[in-house]
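Reading the structure
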Amino acid sequence: MLTRFLKSREAILTGVLLALLALIAIRAPEFVAPGNLANVLNDSAPLIILALGQMAVIVTRCIDLSVAANLALCGMVAAMLNAALPGVPIIAILLLVVVLGAALGSINGLLVWKLDIPPIVVTLGTMTIFRGVIFLISKGQWVNAHEMSAVFKAFPRAQILGLPVLTWCAILTAGAFLLLISRTPLGRAFFATGGNPRAAVYAGINTGRTQFAAFTLSGALAGLTGYLWVSRYAVAYVDIASGFELDVVAACVIGGVSIAGGIGSVGGAVLGALFLGTIKNALPVVNISPFWQMAISGSAILIAVAFNARANRRQGRVILKSAEHAA
Amino acid sequence: MTAQQAPLADAAMPQPLLALEDVTKTFPGVVALDGVRLELHAGEVTALVGENGAGKSTLVKVLTGIYQPDGGRILLDGRPVAFRTAHHAAAAGITAIHQETVLFDDLTVAENIFIGHAPRTRFGLIDIGAMQARARELLDGIGARIDPAARLRDLGIASKHLVAIARALSIDARVVIMDEPTAALSHKEIAELYELVEQLKAQGKAILFISHKFDEVFRISDRFTVFRDGQFIAEGRTADVTEDDLVRLMVGRAVDQIFPKRPAAIGDPILTVAGYSHPTEFEDIGFSLRRGEILGFYGLVGAGRSEVMQALFGITRPAKGAVRIDGKVRVIRSPAEAIAQGIVYVPEDRGSQGAIIGLPIFQNVTLPSLARTSRHGFLRLAREFALTREYTGRLDLRAAALDQDVGTLSGGNQQKVVIAKWLATRPKVIILDEPTKGIDIGSKAAVHAFMSELAGQGLSVIMVSSEIPEVLGMSDRVIVMREGRIVAELEGEELTPETLVRHAAGISEAAG
């Protein structure tokens, strides 16, 4: 078991992440202090949650580009509700954003499943539509910190066992995903659908419904993150988390989730998100311009994809070479 | 059968335009062409006949430069040539109209015809005007009224086929290969194709005509060549032989393979199908399958056998018809429902439809059985491993660990994983589509022994197969399909190679 772990992608990523931390520590030792690392983890929490949902989608051979817009829409709805009716309890808001996010995600899923539209087109469309809806309901106005109730803003920061609720949300999501992926028929169906859709159909799996489930799940997590995001930064406007969907996809790709589907792991997605989160937090500390951050993330993606392509080439051999002769 | 002994009796025959001598092509575990010969003469149509698997398609690929022969010579005008690529073969004037048309749906008709060799302007750009004009000439030449500027997607199957023919003629060909050219054409279009063949003959082209349909072979060919199991069997003038002679040459073999078929105790009907129809694929299919029986489905490629099986398995929906399982009417709307009813389907292309590379062995095996290995919505890994161990053990799977990636196994062991997957669902009926296609003799024997064992245990097997010895050796009963309909149900004494071919090809009894 141990030797297999050491050869796995997660082990390599862990090594890269530790090396990165060591490099940063040379110039800024305070960065690797436990307190700061906990901050980095907390900062990376939204990315971790979304990357997990995205992983499920990508594993089924789809992609969800609407996550950030979904997040922003659910965040705006939560903020406006809180501004209008400060008495609504947090648990109700949480429930609302998760259900709303899931509903928005299921629109993607339905379009992909029932109308057979390519996922990239569907989610590009819904991404724009969601942003438009935010503008319509908010009339382009911001919801500012002073309009939000204290409880609304305090929730993601509340400490439990020394870690903020936001971090706990990421940890619990990762735990739930581990269970989902390894121990449920749905998790198995994600991988079968992406790994070999025809074989999955013959094994009795409804591949369209599986993709629908992945989109709905990704949407629910985007909804949850929407509230966490808006309450943490205490502001909601049309363009929050703009472009964040690319970070989410990048975290997955860096984490070894194959864009071709069928390959991915919870550990990989989490490590990919942590890698990006660490770079984002460390660059200002070591006095590197934030513009370099994009170049570094981009390079990490290319290296990860090149790595994946190599790994997959070894696997993708013809099983029955002689079958192709058959007249 | 004087034809067989006297291939070159005609001393006056001129030198063949294209000749193959002792050509051999092997694939891992299979000899596709075993020292075959073939002669094509200018201004003549040579029909190549043989069963599925006789090596006809491989031969076409060797002639068009897609495959390189392992041995033997190809002579063009008496000079040895080698076609290293499809381009070489085209440059030498050899063109083929393929069985399944390989065209581009989103390009225009003219672009499809000239892709790869479009006329150019002075500046090296594609000369669209010239291309369309020449496309129109070619299409008019074969009597096809198709607009060269139309998008291929908007054409019907038959028109697409005519475009493929125009494409084949767009290079200045001396040898034209037609591989099942009439498969998608209507009667009227077939008549036009015959005219085209006559024109090509008059122009002095050598034509290789491959067809399963005997009436076409006799209607159009001047000479014939018979292949069987990758070997040259006979050649001669078509006028010198009868349909019967050809059938005998095609199948005439002692059933030399030993089939491990044991007599099984055949019980009550378990699956009964009546009036099963599909709008385009099959019509009025009715049969019953009994417990412990191996029911063979024979027919030519495209007879609709796999389509019937896919409908039974819930992949496609038939328009009408009833299915009874154990006497009760069942409606099967999805593969999951079929599996739940005890029907499993092992598809033909086990490479792309079987194992899921990237998933471990045990997850592959339990995939259709997840309902049984989970409790309260959660999978029980212990049960999954137990199930996997039980069925892979029976099949003698060689693997280091059951959680190893299935992609790391050899092809034979991957097949065992796929079979274990289906057996683990504990089916009542197992449908095997071409169970031994493309595998070597040794593995074939293992699959056959295994089928026999399954039937012995009371499982009912439907075997879709195009290999006559297999159908004869393994089946208790055989249903023959042609053009989407059941044309015969044969048992016992009636089961001979000749009757199978006769029914599958639609040759009337009177001809014999």
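It should be emphasised that the depicted structure is a prediction, and the values quoted were computed from it without experimental measurement. In this convention, every chain numbers its residues from 1, walking through the sequence in written order. For this description, chains carry letters from A and ligands carry numbers from 1, given in the order in which they are written. Per-residue local features of the predicted model are confined to residues with pLDDT of at least 70, and side-chain atom pairs are confined, for both listing and counting, to 80 or more; whole-chain, interface and lining totals are unaffected and use all residues. Only hydrogens and water are removed before side-chain values are computed, so all heavy atoms of the structure are retained for them.

The helix and strand tally for chain B stands at 19 helices and 22 strands. Within chain B, the fraction of its 512 residues that count as buried is 53%. Considering only contacts within chain B whose residues lie at least 6 apart along the sequence, 68% involve residues at least 24 apart. Per-residue accessibility takes into account occlusion by the displayed protein chains alone, with areas from the Shrake-Rupley method and a 1.4 Å probe. With an accessible surface of roughly 21600 Å², chain B has 51% of that area assigned to carbon and sulfur atoms. Helix numbering and strand numbering both begin at the N terminus, where a helix is a DSSP run of H or I of at least 4 residues and a strand a DSSP run of E of at least 2. A 1.4 Å probe rolled over the protein chains alone gives each residue an accessible area, and that area as a share of the maximum for its type sets the label: buried under 20%, exposed over 50%, partly exposed in between. Here, two residues are considered to be in contact whenever any of their heavy atoms come within 4.5 Å of each other.

Our next topic: a positive patch on the surface. Patch membership is restricted to residues that have no salt bridge and whose relative accessible area is over 30%. Joining uses 9 Å for like charges and 5 Å for the nonpolar side chains Val, Leu, Ile, Met, Phe, Trp and Tyr. What makes a salt bridge here is a side-chain nitrogen of Lys or Arg within 4 Å of a carboxyl oxygen of Asp or Glu, nothing more. In this count, Lys and Arg are taken as positive residues and Asp and Glu as negative ones, while His and the chain termini are left out. Charged side chains are reduced to one point each, which is NZ for Lys, CZ for Arg, CG for Asp and CD for Glu. A surface patch of positive charge is lined by A:R183, B:R375, B:R380 and B:R383. Within the fold, A:R183 resides in helix α8 (residues 165-183). We classify A:R183 as partly exposed; its relative accessible area is 32%.

Residues and elements named next belong to chain A. Note on method: axes are straight lines fitted to C-alpha atoms, helices fitted across the in-contact stretch only, with angles between N-to-C directions ranging 0 to 180 degrees. Contact geometry for helix α4 (residues 67-84) and helix α5 (residues 90-114): axes closest at 10 Å, N-to-C directions at 145 degrees. α5 is crossed by α4, and the crossing has right-handed handedness. Taken together, the residues of α5 that come into contact with α4 (itself represented by N70, L73, C74, V77, A78, L81 and N82) are I93, L96, V97, L100, G101, L104 and G105. Think of it as three bins: nonpolar holds Ala, Val, Leu, Ile, Met, Phe, Trp, Tyr, Cys and Pro, charged holds Asp, Glu, Lys and Arg, and polar takes everything else, Gly as well. A class-by-class count of the residues in the contact of α4 with α5 yields 10 nonpolar, 4 polar and no charged. Crossings are sorted by hand: turned counterclockwise from the far helix by less than a right angle, the near helix makes the crossing left-handed, and turned clockwise it makes it right-handed.

All names here are of chain B. Strand order in this open sheet of 6 strands is β6-β7-β8-β3-β9-β10, and the pairing throughout is mixed. Each edge of the open sheet carries a strand with a single partner, namely β6 (94-97) and β10 (231-237). Each neighbouring strand pair of the sheet contributes to a mean axis angle of 20 degrees, computed without reference to strand direction. Of the strand pairs in this sheet, strand β3 (residues 45-49) and strand β8 (residues 206-210) are connected by 4 bridges, and their pairing is parallel. Bridged to A47 within β8 is F209. Helix-sheet contacts for helix α6 (residues 157-170) involve β6 and β7 (175-179), and the interaxial angle to β6 is about 175 degrees. Strand pairing is defined by DSSP finding a minimum of two bridges between the two strands.

So, on to the packing of aromatic side chains. Within 6.5 Å between ring centres, the rings of Phe, Tyr and Trp (the latter by its six-membered ring) count as paired, and their orientation is classed by plane angle as stacked under 30 degrees, edge-to-face over 60, tilted in between. Under the criterion given, the structure shown has 13 aromatic pairs over all chains. With centroids separated by 5.0 Å and ring planes inclined at 75 degrees, the aromatic side chains of A:F152 and A:Y227 adopt a geometry described as edge-to-face. Note that A:F152 is positioned in helix α7 (residues 150-154) and A:Y227 in helix α11 (residues 207-233), a separation of 75 residues in sequence. Chaining the aromatic ring pairs together yields one cluster made of A:Y202, B:F313, B:Y345 and B:W422. Two conditions define a charge located above a ring, namely a distance within 6 Å from the ring centre to NZ of Lys or CZ of Arg, and an angle within 35 degrees of the ring normal. The ring of B:F232 has B:R37 lying over it, and the distance from NZ or CZ to the ring centre is 5.6 Å.

Right, let's talk about the confidence of the model for chain A for a bit. A residue's pLDDT is the confidence the predictor assigns to it, expressed on a 0 to 100 scale. Averaged over all residues, the pLDDT of chain A is 87; the fraction at 70 or higher stands at 92%. For the stretch residues 313-327 of chain A, pLDDT sits under 50, and the model shows 32 contacts to residues farther than four places along the chain or on other chains.

Further remarks concern the environment of B:T388. Residue and element names in this part refer to chain B. Relative to the elements of secondary structure, T388 occurs in helix α15 (residues 381-394). C-alpha of T388 to C-alpha of I361: the two residues are 27 residues apart in sequence and 8.1 Å apart in space. Beyond its immediate stretch of four places on either side in the chain, T388 contacts I361, F362, V365, T366, G393 and L402. Each polar contact in these results corresponds to two N or O atoms within 3.5 Å; when the atoms are within protein, one needs to be able to donate a hydrogen and the other to accept it, and residues that are neighboring in sequence are counted only if both atoms are side-chain atoms. Here the side chain of T388 touches E384 through a polar contact of 2.7 Å, landing on its backbone oxygen.

Moving on, we get to the nonpolar core. Looking at soluble globular proteins, one finds that nonpolar side chains tend to be buried together. We define a nonpolar core as any set of buried Ala, Val, Leu, Ile, Met, Phe, Trp, Tyr and Cys residues linked to one another through side-chain atoms lying within 4.5 Å. A:M55, A:F177, A:F190 and A:Y227 are the most contacted members of the largest nonpolar core, which has 105 residues in total. Looking at which element gives the most residues to this core, the answer is helix α3 (residues 34-59) of chain A, with 13 residues. With near-sequence residues (within four places) excluded, A:Y227 lies in contact with A:G75, A:A78, A:I90, A:I93, A:L94, A:V97, A:V151, A:F152, A:F155 and A:P156. Listed in part, the 61 residues of the second largest apolar core include B:L312, B:Y345, B:L409 and B:V418.

Next up on the list: the side chain of A:T126. Within the secondary structure, A:T126 sits in helix α6 (residues 119-138). Beyond its immediate stretch of four places on either side in the chain, A:T126 contacts A:S66, A:I107 and A:N108.

Counting through the fold element by element, A:I107 comes out in helix α5. Each C-alpha atom of the pair A:I107 and A:S138 lies 22 Å from the other, and the pair is 31 residues apart in sequence.

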